[in-house]
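Take a look at the letters that make up each chain.
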Amino acid sequence: MEWRLFANLAETAGTKHVEVPAEPGDTFGAAFEQLLDAHPELEDEVLDDEGELRDHIRVLRNDANPFVKDDGFETVLEDGDELALFPPVSGGAD
């Protein structure tokens, strides 16, 4: 599986794409742990002091938040899933 990273998270990891060994049938949580194992420098930016996902960090599985649409970290991955991690985005016209 591949994670796509955006903005400062991509800068911190030094890449916009991170391949992890998760496969269909594994959980979203396992893929997330593999991402942090591959790039532990992301932990301070995405996890709070209790080791929970920070409120302002967004994760997507196939363009949907797995904590809203699916079973959060227990969501079972399927072939072709797209995973993404990004900080809040601000901007726009005044």
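Relevant structure appears above.
Sequence order sets the numbering: in each chain, residues are counted from 1 along the sequence as written. The predicted nature of this model means local features are confined to residues of pLDDT at least 70 and side-chain atom pairs, given and counted, to a pLDDT of 80 or more, with totals for whole chains, interfaces and linings taken over all residues. Values shown for side chains rest on all heavy atoms present in the structure; no hydrogens or waters enter the calculation.

Pairing of aromatic side chains here covers Phe, Tyr and the six-membered ring of Trp, requires ring centres within 6.5 Å, and sorts the geometry by plane angle: under 30 degrees stacked, over 60 edge-to-face, intermediate tilted. The tally for this structure, following the rule as stated, stands at seven aromatic pairs. Relative to Phe 86, the ring of Phe 6 has its centre 6.1 Å away and its plane inclined at 90°; by these criteria the two rings are edge-to-face. Of this pair, Phe 6 sits in the loop between β1 (2–5) and α1 (7–13) while Phe 86 sits in strand β4 (residues 83–86), and the two are 80 residues apart along the sequence. Relative accessibility thresholds used throughout: buried, under 20% of the residue-type maximum; exposed, over 50%; partly exposed, between the two (1.4 Å probe, protein chains only). Residue Phe 6 is classed as partly exposed on the basis of its relative accessible area of 34%. A ring pair is formed by Phe 28 and Phe 67, whose centres lie 6.4 Å apart and whose planes are at 85°; its orientation type is edge-to-face. Of this pair, Phe 28 sits in helix α2 (residues 28–38) while Phe 67 sits in the loop between β3 (58–61) and β4; the two residues are 39 residues apart in sequence, bridging distant segments of the chain. Residue Phe 28 is classed as buried on the basis of its relative accessible area, which comes to 0%. Each helix is a run of DSSP H or I of at least 4 residues and each strand a run of E of at least 2, with the numbering of both proceeding from the N terminus.

These results come straight from atomic positions and should not be treated as a statement about function.
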